[in-house]
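Fold and contact review
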Amino acid sequence: HVLIAEDNKTNQMLLQMLLDDFGISCDVANDGLEATEIFNPKKHQLILMDENMPNMHGTEAMHLIKEKYPEEKIVVIALTANAMQEDREKFLKAGMDDYIPKPIDEEQLYDMLEEYLT
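Residues numbered from 1 in each chain as written. Predicted model: local features only at pLDDT ≥ 70, side-chain atom pairs only at ≥ 80, totals over all residues. Heavy atoms only, no water.

1. Topic: the sheet that holds strand S5 (residues 98-101)
As a reminder, the rule being used: Strands qualify as paired when DSSP identifies two bridges or more between them. Think of it this way: any DSSP run of H or I at least four residues long counts as a helix, any run of E at least two long counts as a strand, and we number them from the N terminus. Between N-to-C directions, angles span 0 to 180 degrees; the directions come from axes that are lines fitted to C-alpha atoms, helices contributing only their stretch in contact. It only takes one pair of heavy atoms within 4.5 Å for two residues to be counted as in contact.
Spatially, the five strands line up as an open sheet ordered S2-S1-S3-S4-S5, and their pairing is parallel. Lying at the two open borders of the sheet, with one neighbouring strand each, are strand S2 (26-29) and S5. Here the strands of the sheet are splayed against their neighbours by 20° on average, with no regard to which way each runs. When strand S4 (residues 75-80) meets S5, the two strands line up parallel, connected through four bridges. In the sheet register, Ile-77 faces S5, and the bridge partner there is Asp-98. Here helix H3 (residues 58-68) sits on the sheet in contact with strand S3 (46-50) and S4, set at roughly 150° to S3. Strand contacts of helix H5 (residues 106-117): strand S1 (2-5), S3, S4 and S5, with the helix running at about 165° to S5, the strand carrying the most contacts.

2. Considerations on the pattern of salt bridges
Rules: A pairing counts as a salt bridge when a side-chain nitrogen of Lys or Arg comes within 4 Å of a carboxyl oxygen of Asp or Glu.
Evaluation of the coordinates by the stated rule reveals seven salt bridges. The salt bridge partner of Asp-27 is Lys-43, with a shortest N-O separation of 2.9 Å. Of this pair, Asp-27 sits in strand S2 while Lys-43 sits in the loop between helix H2 (32-38) and S3, and the two are 16 residues apart along the sequence. For Arg-88, the salt bridge goes to Asp-98, with nearest N and O atoms at 3.4 Å. Placement of the pair is Arg-88 in helix H4 (residues 85-94) and Asp-98 in strand S5, with a sequence separation of 10 residues. Through salt bridges with shared partners, a single ionic network connects Glu-6, Asp-50 and Lys-102.

This is how it looks when you write it as structure tokens:
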């Protein structure tokens, strides 16, 4: 079960459809603040976290979630339109486990989910 933290409704629907195609269930948070409220380590195995969201950015939400559950291994994959190599390094350095640029490549998403969920 995956948590999608994404403010764009179109991206939410796309991710939900892709996850459904992969046989993965999900919950959706509309911003980083909502993600911190919804996330449950007993329910969610992974978070797909958009970086640029209202109320709270993805990196801040990730830090709060990891602080709230320090004993849990929480996998967070950054989703962002910032697709430069230095952006990837920035997100990894900030504590994200991996990074997927937008527009989302279905095969890359599948490979990443397979790596982290198996």
